[in-house]
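Letter by letter, the chains look like this.
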Amino acid sequence: MDDRPENHLPRSVPSAYYPMNFKNYNSQRKKLILPEYGRHIHDMVADLRLIKDRDLRTRQAYAVIAVMGNLNTHLRDTADFRHKLWDHLFIMAGFDLDVDSPYPIPSEEALAYHPAKLGYPRRDFAHKQYGRNIRGIIDAVVKIEDRQERDAIAVDIAKFMKVKSFEYNDEYPSNEVIIADMERFSKGALHLDEDILNGTKLYKQTKPQPKGGKKRPQQNNNNKKAGYRNNNQKKR
């Protein structure tokens, strides 16, 4: 039973006549464990722990479960709905409630279990404009024994590096920079001829299309200025 002073006052006494020390604000109350059930349900669960008779305490626990179910009628069709209500009851009771539950009583350790954090690589790397995987790609190409195939793939990698650098810096790097970076990443195993890169085109130059679809043909206004009209119309 709640022993707060204002509960011992007569019901006919309005709250305006309560002394100031009788005020009980939510900011001064205990924090709710499951706020979706409200403070009244938490008070009911707290009163369950004060009942000494175990049979009576169990019957009252079933009554509290029924009230909790009425507050969540939209969840009644979900699986294990009653099981969740009993778990919430024990959670609000601080896992210290001795009643006959139809389900296994949960433990605080089981509900507070958190999976181990996965390790995430956070190593810093230079030349971010090429991406993180460029070094792994070059290391795989270096292991190719066929020199002709290795050089052909190296040209494609150089094109890729040039495109990624343009996306990152909004300007194309020179071929000397691409060749020097590739030699640095491959530790001198890959060497490209600059003439090969100069002969490769990465993009096709296309004229920008006008907005709104097809371009409208321009009208010849010379005849209009001279005062000419169609053959079916008379001259002014």
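Look above for the structure.
Note that this is a predicted model, so its numbers are computed, not measured.

Examining the overall build of the chain
Alright, step 1. Per the secondary structure count, the chain includes 9 helices and 0 strands.
Alright, step 2. Each helix and strand of the chain, ordered N terminal to C terminal, gives the series α-α-α-α-α-α-α-α-α.
Alright, step 3. Residue burial in the chain is summarised as follows: out of 236 residues, 22% are buried.
Alright, step 4. Restricting to contacts in the chain with at least 6 residues of sequence separation, those with at least 24 account for 48%.
Alright, step 5. As presented, the chain carries roughly 19100 Å² of accessible surface, and 50% of it is formed by carbon and sulfur atoms.

Focus on the packing of helix α1 (residues 38-48) against helix α2 (residues 54-71)
A pair of packed helices is characterised by two quantities: the angle between their axes and the separation of those axes.
Alright, step 1. Relative orientation of the contacting elements α1 and α2 amounts to 170 degrees, with a least axis distance of 10 Å. Our classification of the angle between α1 and α2 gives roughly antiparallel. Listed contacts from α2 to I41, M44, V45 and L48 of α1 are R57, Q60, A61, V64, V67, M68 and L71.

Description of the packing of aromatic side chains
Alright, step 1. The full count for this structure, using the stated rule, is 4 aromatic pairs.
Alright, step 2. Aromatic side chains Y62 and W86 sit 5.0 Å apart centroid to centroid with 75 degrees between the ring planes, which places their arrangement in the edge-to-face category. Of this pair, Y62 sits in helix α2 while W86 sits in helix α3 (residues 81-92); the two residues are 24 residues apart in sequence, bridging distant segments of the chain.
Alright, step 3. Assessed through its relative accessible area of 2%, W86 is described here as buried.

As for the environment of A93
Alright, step 1. Within the fold, A93 resides in the loop between α3 and α4 (108-111).
Alright, step 2. Classification of A93 as buried rests on a relative accessible area of 1%.
Alright, step 3. Separated by 48 residues in the primary sequence, A93 and V45 place their C-alpha atoms 6.1 Å from one another.
Alright, step 4. Residues in contact with A93, not counting those within four places in the same chain, are V45 and R49.

Considerations on the pattern of salt bridges
Pairing between side chains of opposite charge can happen when their charged atoms approach one another.
Alright, step 1. All told, the structure shown has 7 salt bridges when counted by the stated rule.
Alright, step 2. The salt bridge partner of R54 is D100, with a shortest N-O separation of 2.4 Å. Of this pair, R54 sits in helix α2 while D100 sits in the loop between α3 and α4, and the two are 46 residues apart along the sequence.
Alright, step 3. Using a relative accessible area of 30% as the deciding quantity, one classes R54 as partly exposed.
Alright, step 4. Each of R54, R57, D98 and D100 takes part in one network of salt bridges that share partners.

Some details on the environment of H191
Alright, step 1. You can see H191 is positioned in the loop between α7 (175-185) and α8 (194-198).
Alright, step 2. For H191, a relative accessible area of 57% puts it in the exposed group.
Alright, step 3. Aside from chain neighbours lying at most four places away, what touches H191 is I179 and E183.

Topic: helix α6 (residues 147-169)
Alright, step 1. With 23 residues, α6 extends 32 Å between its outermost C-alpha atoms, agreeing within 8% with the 33 Å of an ideal straight helix rising 1.5 Å per residue.
Alright, step 2. Within α6 the residues assigned to the buried category are R150, A154, V155, I157, A158, M161, K162, V163 and S165.
Alright, step 3. Buried residues along α6 sit against α5 (134-142), α7 and α8.
Alright, step 4. Between the side-chain oxygen at the start of α6 and the backbone nitrogen of Q148 there is a gap of 3.3 Å, and the oxygen is on D146.

Thoughts on α3
Alright, step 1. The end-to-end C-alpha separation of α3 is 17 Å, in line with the 16 Å expected for 12 residues at 1.5 Å each.
Alright, step 2. Taken as a whole, α3 has its buried residues at F81, L85, W86, D87, L89, F90 and M92.
Alright, step 3. Those residues of α3 hidden inside the fold are in contact with α1 and α2.
Alright, step 4. Positive backbone phi, at 70 degrees, marks G94, one or two positions downstream of α3.

Conventions and cut-offs
- All residue numbers here refer to positions counted from 1 along the written sequence of the relevant chain.
- Local features in this predicted model are restricted to residues whose pLDDT is 70 or higher, and side-chain atom pairs enter the listing and the counts only when it is 80 or higher, whereas totals over whole chains, interfaces and linings include all residues.
- Only hydrogens and water are set aside; all other atoms, that is, all heavy atoms of the structure, feed into the side-chain values.
- Runs of E in the DSSP output that reach at least two residues are strands. Runs of H or I that reach at least four are helices, and both are numbered from the N terminus.
- For every residue, the accessible area (1.4 Å probe, protein chains only) is compared with the maximum for its type, and the residue is labelled buried under 20%, exposed over 50%, or partly exposed between those bounds.
- In what follows, a contact means two residues having at least one pair of non-hydrogen atoms within 4.5 Å.
- Note on areas: Shrake-Rupley with a 1.4 Å probe; residue coverage comes only from the protein chains shown.
- All axes here are fitted lines through C-alpha atoms, helices being fitted over the stretch that makes contact, and every angle between N-to-C directions spans 0 to 180 degrees.
- Here roughly perpendicular refers to angles of 65 to 115 degrees, roughly parallel to angles under 35, roughly antiparallel to angles over 145, and oblique to all remaining angles.
- Here a pair means two rings of Phe, Tyr or Trp (six-membered ring of Trp) with centres within 6.5 Å. Their orientation is stacked below 30 degrees between planes, edge-to-face above 60, and tilted elsewhere.
- When a carboxyl oxygen of Asp or Glu is within 4 Å of a side-chain nitrogen of Lys or Arg, the pair counts as a salt bridge.
- One fewer than the residue count of a helix, multiplied by 1.5 Å, yields its expected span.
- Pairs of N or O atoms within 3.5 Å make up the polar contacts considered here, provided that, within protein, one atom can donate a hydrogen while the other can accept it, and that residues adjacent in sequence are counted only when both atoms are side-chain atoms.

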